[in-house]
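Read off the chains here:
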Amino acid sequence: MEDIKKVEQEKHRWKEKTLQPALERFKLKESPTQFYSPSDLEDGFNFLDRVGFPGQYPFTAGTYPTFPYRTGERGSGGIPQAKGLVRAGRYSGYGAPEDTRDYYLHMKKLGARTGPNIAFDLPTQCGYDSDSPMASGEVGRVGVAVDTLRDMEVIFEAFSGENDIDRTASNFTINAPANIIMAMYMAMAEKRGISWDKLRATPQNDILKEFVARGTYIFPPRPSIRMFRDSLVFFAQHLPNVNITSIGGYHIREAGATREQDLAFSMAIGTAYLQEGVNAGLPVDSFAPRFSFNAFGGSMEFFKEIAFHRAARRMWAKLLKEKFGARNERSMTLRIPMTVYPGNFNCTVQRPLNNLVRSVVGGIAGALTGGAPNCYPPFDEPLGLGWSLEAIQLSEDAARILQHEARLADVMDPLAGSYYVESLTNQIENAAWAEFDKIQSMGGAVAAIESGYMQREVARSAYERQKKLEEGKELIVGVNCYLGEHELEVSTTRLVPHPYDANRRDEAERLQLSHLKEVKEKRDNKEVARLLKELKAAAQKEEVNLILHFFECVKAYATLQEMCDVLKEVFGEYRPATI
């Protein structure tokens, strides 16, 4: 090991004799670049303690010991695929269930072999049926409308035979009504003669971040966390291959949170979820391996995003081992399909092809942080719902080039030991721990949400970032700089139709209302009323798990809103405080 004191002395001499003359020559008050040395690492550098080997505690170098995955596979949507793995694919869904079913059938013809990763429309996410006045004009707009079991059955007509739901994985981007959607999935499995222990699925089921960022909540935080507890306990006992949650810090980041807030808030929310399992009497190692993370937010700050993911893996591992006493190292792994990516909110409507460059930068960073070189999202992300096949092709090819031509996936965590990256990793982790401890001192994530603390902090950070953009202190090419008259707006030629049919989307609400009316006319309405009454009685008892009540309701074709309305009568409806 080098003498740190000697390095410090030499660094001081370098600043005086070499750096200062250069600054004077260019009339600079301070250097626009930095240089890191061994003296920048806190208390030296202990490899085994701070980094370790890939796939081993503290997982800084990577969640898994090797990288057997293929990126850029057709239809994968940034979720790496590998032999022996059953995974869902690209986030997708629009219009009526028939539209989404036909989309999946079309993508299969184009070579997709992955399971569905379903985007639901806003009425569904917020607990409204398509015939609710609140849903008017929104049915099937930003995802697919699902009102009853009938709709799930239609969507999954695209998945049968060798792609049946016991042979592929399904993802559901749903939170407040996640347990109802999963009950529909369970009922569909029963109808197909598939046992629940064969199901592979990931509901997002991350309700706490909805209060901080996205806003698709229904009930107040305390009843919402009770709903999470129900799914955790039931899935752990009856659906061993279903992930319990997919925690989504990127929503918080895209709402305006800083990098450190994103990490701290995500860890605090994850801690609240883990504690629910412990409070229910389950050993942490019986359910923590089924926790996953959807994604963290991103930025174009290349090295900081690499360091962020190294810090995140280490922080989660420490939480599980030291706070929760996990013994199984699988419980300590931060399972996430994508590591670094620039974030959807960094994509620009102006000169949209530049978004491909941004995604490639994210893909390179992803590989250098021990993950997959995913180039996500496709360049036309900000131009409308879904992506063109041209944009998808470029995105998939970019990932393939990074893996197979540039061979960036050949080495795990190649920047381990870098003075700069190790220092950044420590800085980000330390800042996140400080914020995490602050939230814990308030009583944890739920209390911090109820007080409005997290929401205020995100709003403040969003304001500060927007101010920097407007003042030109942060630059986005083609948005607030390089806007001269000779700059070109480069575009691509549309070669094939967009996979989301605009005419079908326009007709989706009329079609869905017709089908919903038919379901209500044909079902046994007396039985539905009886089951909803039982659901309400069960909801009034805190200790009762509601999953099987949802299961019986959906089998009788009770609607999503009918169940949510019953719960509102017991739980109340969340109304955010004015910030």
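Presented here is an overview of the structure given in this document.

Cut-offs and rules
Residues numbered from 1 in each chain as written. Predicted model: local features only at pLDDT ≥ 70, side-chain atom pairs only at ≥ 80, totals over all residues. Heavy atoms only, no water. Helix = DSSP H or I, 4+ residues; strand = E, 2+ residues; numbered from the N terminus. Polar contact = N/O pair within 3.5 Å; in protein donor to acceptor, adjacent residues only side chain to side chain. Contact = heavy atoms within 4.5 Å. Core = buried A, V, L, I, M, F, W, Y, C linked by side-chain atoms within 4.5 Å. Buried < 20%, exposed > 50% of the residue type's maximum accessible area, 1.4 Å probe, protein only. Axes fitted to C-alpha atoms, helices over the stretch in contact; angles between N-to-C directions. Parallel < 35°, antiparallel > 145°, perpendicular 65-115°, else oblique. Left-handed = near helix turned anticlockwise from the far one by under 90°. Nonpolar A, V, L, I, M, F, W, Y, C, P; charged D, E, K, R; others polar. Salt bridge = Lys/Arg side-chain N within 4 Å of Asp/Glu carboxyl O.

A closer look at the environment of Arg-465
Item 1. Positionally, Arg-465 belongs in helix α16 (residues 453–470).
Item 2. Once the C-alpha coordinates of Arg-465 and Lys-541 are considered, the two residues, 76 residues apart in sequence, prove to be 45 Å apart.
Item 3. Within the local environment of Arg-465, its side chain forms a polar contact with the side chain of Asn-346, the two groups lying 3.4 Å apart.

Regarding the side chain of Thr-339
Item 1. Secondary-structure assignment places Thr-339 in the loop between α11 (302–323) and α12 (354–368).
Item 2. Leaving out residues up to four positions away in the same chain, Thr-339 has contacts with His-309, Arg-313, Gly-366, Thr-369, Gly-371 and Ala-372.

Some remarks on unusual backbone geometry
Item 1. For the peptide bond that leads from Tyr-57 to Pro-58, omega is 10°, which places it in the cis range.
Item 2. Looking at where Pro-58 falls in the secondary structure, it is placed in the loop between α2 (47–50) and β1 (88–92).
Item 3. With an omega of 0°, the peptide bond between Tyr-376 and Pro-377 qualifies as cis.
Item 4. If you trace the backbone, Pro-377 turns up in the loop between α12 and α13 (389–405).
Item 5. Phi angles above zero are rare outside glycine, and Arg-351 is one such case at about 45°.
Item 6. Within the element layout of this structure, Arg-351 appears in the loop between α11 and α12.
Item 7. Its identity is not glycine, yet Arg-407 carries a phi of approximately 60°, on the positive side.

Some words on the nonpolar core
Item 1. With 129 residues, the main nonpolar core has Phe-172 and Leu-208 as its most contacted residues.
Item 2. Here the element with the most residues in this core is helix α6 (residues 178–191); it accounts for eleven residues.
Item 3. Membership of the second largest hydrophobic core comes to six residues, among which are Val-340, Ala-365, Leu-368 and Val-421.

With respect to the packing of helix α18 (residues 525–539) against helix α19 (residues 547–555)
Item 1. Interaxial distance between α18 and α19 falls to 10 Å at its minimum, and their mutual angle equals 165°. On the basis of the axis angle, α18 is roughly antiparallel to α19. The crossing of α18 and α19 is left-handed. Only His-549, Phe-550, Glu-552 and Cys-553 of α19 make contact with α18, whose side of the interface consists of Leu-531, Leu-532, Glu-534, Leu-535 and Ala-538.
Item 2. Here the residues of the contact of α18 with α19 are counted per class, giving six nonpolar, one polar and two charged.

Considerations on the pattern of salt bridges
Item 1. Applying the stated criterion to the full structure yields 50 salt bridges.
Item 2. Between Glu-153 and Lys-191 there is a salt bridge, with its nearest N and O atoms 2.9 Å apart. Of the two residues, Glu-153 is situated in helix α5 (residues 149–155) and Lys-191 in helix α6; the sequence distance between them amounts to 38 residues.
Item 3. The salt bridge partner of Glu-210 is Arg-214, with a shortest N-O separation of 3.1 Å. Remark: Arg-214 and Glu-210 occur in helix α7 (residues 207–214); sequence separation between them is four residues, near one turn of the helix.
Item 4. One continuous salt-bridge network, built from bridges that share partners, spans Arg-253, Arg-259, Asp-262, Glu-301, Lys-304 and Glu-305.

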